[in-house]
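Survey of secondary and tertiary structure
The chain contents come next:
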Amino acid sequence: MFLRNSWYVAAWDHEVGAGLHPVRMLGEEIVLFRKTDGTVAALEDACPHRKLPLSMGRIKGDTVECGYHGLTFDSSGTCTRVPGAERIPHVACVRAYPVEERYGLLWVWMGERDRADPALIFTVDHWGDPAWGINRGDSMEIACNYLYMTDNLLDPSHVAWVHQSSFGSAATEETPLNTDVHERGVTVWRWMVDVEPAPFYAPYLQFPGKCDRKQHYEVHYPCHAIIRAIFAPAHTGGEGRELPAETFLMDSYNFMTPIDENTTKYYWFQMRNFAPDDAAVSAQFAASVRGAFDEDRAVLTAVHKGMANKRTPNLDLKIDVGPLRFRRNLARMIEAEATARTAAE
Amino acid sequence: MTPPEAPPPPAAPGLRALRVVAKTRESSVITSFWLEAADGQPLPPFRAGQFLTLHLPVYQGTIRRNYSLSGPPDQGRYRITVKREGANGPGRPDGIGSSHLHDRIGPGDILQAQGPHGAFVLDETSERPVVLLSGGVGLTPMVAMLHVLACRSTREVHFLHACENGDVHALRDEVRALVALRPGLRAHFRYRQPTGADRAARAFDGEGYFTREAIRGLLSLDDYDVYLCGPPPFMQAVHAALRSLGVPKTRIAYEFFGPATVLEDAAAAPPPAAAAPIPAPASAAAGSGLRVTFARSGLAVDWDATAPSLLDFAEAQGLTPAFSCRAGVCGTCTSRLVSGEVRYVEDPLDPPQEGELLLCCTHPVSPVVLDL
């Protein structure tokens, strides 16, 4: 079950070069290609004649030619050529998806075309800010339903167990969580006061000694997240307080694209408020984050299998409040969308 | 909606996926659904009288509805028997759940269910004769009890059932067949307005209500275990009739279908489902003045306003209700609110049904009686 009226990441921009680039999103096959002006088009990846994927054909200028009988489609999905036919059948067309290129990512709108508003794409703070560094992200495929990933990204508690050697510390086991349900999604957060910095962050802190640490896990519908890590000198942190200049800020952006019900493509990158041009820092961050996400992947893949094959009931705990409220509200949105679609048909 | 190769979507907590394997029309308004575990494993036995809580995805979101199990309890599969309810006045079931089942659910469909659970169960340790007294679709738990009594005991059983007429009478042939299994079993069907066809077929045994006189004419003087289930007006009338015939309260176990009301004067705590007398309430401590009565435990204590929730308060009295999240999302601590009013200090993920509460996130706002 997916929310259709939303932007989803289809690829990194550099992945779509001179060739045809097939992707599967929300159970649909889509082909991406660059037009001669450099912009990207997204079409249903199936020729209406015999359903050969258009991605097995060729790019011809701003059009795609089917590799079976040469039917040709422009970026609006309109058929411009049917070799051997006197007239082009009106029904010869493929679905065209709205595409936006932003933050180095290609975003595809999976819902009703006239509702595709680029302003709805997830906002990345400090994008282009010269004081902020970025480590260009990565992606991976995870064999789990995307909602296990939104669960994970609304769950600061797992850090103490899954990422013991990196993001975790003793304080991440016991400090209670706050859950805010808002219009765009759910945020789970906590401040841990006067604690040891976690091993992964310690080398980057610009101040000595202990710290006040905030974990801020915010997921927007349907499955886009920002995880904010804040480390302030001990006793200077706290909600709503002006933080000292040496405070460490790292914003981790996480964009999930359901490939289907059982598989999810995961895209991410991080923004930080220091060492903007230090390639070594970026490389270290990229490697560490990748390592942590590999730990998540092992857990989430097994969780999906475990839940699908459970023989006894599973239970929900207090730490599941955020994830469950998120799931409930998203399910309502999906239901409402399906109802509206049925009514329109 | 889900492709066949996909595993079921991630389910809500404590839910079991059940596949509908058969749908049987029992009367003009009542339909049975036979359910098996979606994973093919045999379903665990239940206690006759218990119910399933179905989580039904309807237009308004997911709703939860309780349906008594009407089949034999140990066959590895379940049967619920559901009356199509209409929204016909305040306090009546809204019909959303039953219409969904009647109109949209059929063989092959998957239902998400919690349970079986419920404390209204047949006491199999008792050796007293049994009266199973039901009105309308309230006969469903009684049929499950009759299965057990017919096959596993030698007790005398009176299955007394009241309904409008033969058109709406469900499971008639099944009950007749069960009481024919051995001596000592007897069924009496009472129609309020029998049709001409009912008269021609001699489908019923009596006409009108189960009045005091009607019951006295059917039951000889004895010490019975009485099980009572039906709509509130039926329950109130029959309960009063039984009491006036000298049946002790402690011998009457009952379950409301629809909103729970109080059978006798509002001050009296109703008897527990198990036929055991309630000990005298503990003396009230000074405090909030809001009395919290744990009916099944025979305990009445003044609410402590510093308690985070009724769950914490119950635990402070030495009770051990089931719980998991303690935050209003898992539904494990759902309990029956026999009477009184509570307020939610945390929004529950699924609003509890009429007559129920989530202990973990409520405070009393009036004296309350809990089924604990």
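Please read these numbers as outputs of a predicted model, since none were measured by experiment.

Residue and element names in this part refer to chain B. Taken in spatial order, the six strands make up an open sheet running β10-β9-β8-β7-β11-β12, and their pairing is parallel. Strand pairing shows two members of the sheet lacking a second neighbour, β10 (206-207) and β12 (252-256), which therefore form its edges. Of the pairings in the sheet, the one linking strand β7 (residues 130-135) to strand β8 (residues 157-163) comprises six bridges and is parallel in character. If you follow Val 130 over to β8, its bridge partner there is Val 157. On the sheet, helix α2 (residues 139-152) packs against β7, β8, β9 (185-191) and β11 (225-230) and is oriented at approximately 155 degrees with respect to β7. Sitting on the sheet, helix α6 (residues 232-244) is in contact with β7, β8, β11 and β12, with an inclination near 155 degrees to β11.

To continue, consider empty space enclosed by the protein. Residue and element names in this part refer to chain A. Within the structure shown, the criterion is met by five cavities of 30 Å³ or more. In this model, the largest cavity occupies a volume close to 260 Å³. Taken together, 22 residues form the lining of the largest cavity, with Phe 167, Tyr 201, Tyr 217, Ile 227 and Phe 293 sitting closest to its centre. At the level of elements, α1 (146-153), β15 (211-220), β16 (224-233), β17 (248-260), β18 (263-272) and α4 (279-308) are the ones that each hand at least two residues to the lining of the largest cavity. Here the lining of the largest cavity takes four residues from β15, the largest share from any one element. Looking at the lining of the largest cavity residue by residue, the classes come out as 11 nonpolar, seven polar and four charged.

This part covers the interface of chain A and chain B. Contacts between the two partners involve 22 residues from chain A and, on the opposite side, 23 residues from chain B. Counting the surface chain A buries against chain B, the share from its top three residues, Asp 316, Arg 325 and Arg 328 of chain A, is 28%. At the junction of chain A with chain B, the criterion picks out two salt bridges. When the shortest N-O distance is used, the salt bridge between Arg 311 of chain A and Asp 39 of chain B registers 3.7 Å. Here chain A is connected to chain B by seven residue pairs in polar contact (both at pLDDT 80 or more). Within the residue set of the side of chain A that touches chain B, elements represented by two or more residues are α4 and α5 (321-344) of chain A. Examining the composition of the side of chain A that touches chain B, we find that eight residues originate from one element, α5 of chain A, more than from any other.

This next bit is on the layout of surface pockets. Residue and element names in this part refer to chain A. Its boundaries defined by the atoms lining it, the second largest pocket holds a volume of some 720 Å³. Elements with a minimum of two residues in the lining of the second largest pocket: β11 (105-109), β15, β16 and α5. Broken down by element, the residue count for the lining of the second largest pocket peaks at five residues, all from α5. Residues that form the lining of the second largest pocket fall into these classes: 15 nonpolar, five polar and nine charged.

Moving on: the state of the cysteines. In the structure shown here, the tally under the stated rule is zero disulfides over all chains. Cys 330 of chain B takes part in no disulfide bond, and the closest cysteine sulfur, belonging to Cys 325 of chain B, lies 3.7 Å away.

Before going further, it helps to spend a moment on the pairing of strand β2 (residues 21-25) of chain A. Along β2 of chain A, the buried face is formed by His 21, Val 23 and Met 25 of chain A; none of Pro 22 and Arg 24 of chain A, which line the opposite face, is buried. The hairpin turn running from β2 of chain A into strand β3 (residues 28-34) of chain A, its antiparallel successor, is two residues long, and Leu 26 of chain A in that turn takes a positive phi close to 50 degrees.

So, on to the side chain of Asn 135 of chain A. Residues and elements named next belong to chain A. For Asn 135, the location among the structural elements is in strand β12 (residues 133-142). By relative accessible area, Asn 135 is classed as buried at 2%. Here Gln 270 takes part through its side chain, which lies 3.0 Å from a polar atom of the side chain of Asn 135. In this structure Asn 135 touches Phe 269, Gln 270, Arg 272, Ser 282, Phe 285 and Ala 286, once residues within four positions along its chain are discounted.

Moving on to the sheet that holds β3 of chain A. Residues and elements named next belong to chain A. The four strands are arranged β2-β3-β4-β9 in an open sheet whose pairing can be described as antiparallel. Edge positions in the sheet fall to β2 and β9 (96-97), since each of these pairs with one other strand and no more. Bridge count for β3 against strand β4 (residues 40-44) is five bridges, and the pairing is antiparallel. In the strand pairing of β4, Leu 32 is matched with Ala 42.

How each quantity is defined
- Residues numbered from 1 in each chain as written.
- Chains lettered and ligands numbered in written order.
- Predicted model: local features only at pLDDT ≥ 70, side-chain atom pairs only at ≥ 80, totals over all residues.
- Heavy atoms only, no water.
- Pairing = 2+ DSSP bridges.
- Helix = DSSP H or I, 4+ residues; strand = E, 2+ residues; numbered from the N terminus.
- Contact = heavy atoms within 4.5 Å.
- Axes fitted to C-alpha atoms, helices over the stretch in contact; angles between N-to-C directions.
- 1 Å grid on protein atoms, 1.4 Å probe; cavity = no way out; pocket = protein on both sides within 12 Å on 5 of 7 lines; lining within 4 Å.
- Points joined across faces, edges and corners; volume = space filled by probe spheres on them.
- Nonpolar A, V, L, I, M, F, W, Y, C, P; charged D, E, K, R; others polar.
- Buried area = accessible area lost by both parts, 1.4 Å probe.
- Salt bridge = Lys/Arg side-chain N within 4 Å of Asp/Glu carboxyl O.
- Polar contact = N/O pair within 3.5 Å; in protein donor to acceptor, adjacent residues only side chain to side chain.
- Disulfide = S-S within 2.5 Å.
- Buried < 20%, exposed > 50% of the residue type's maximum accessible area, 1.4 Å probe, protein only.

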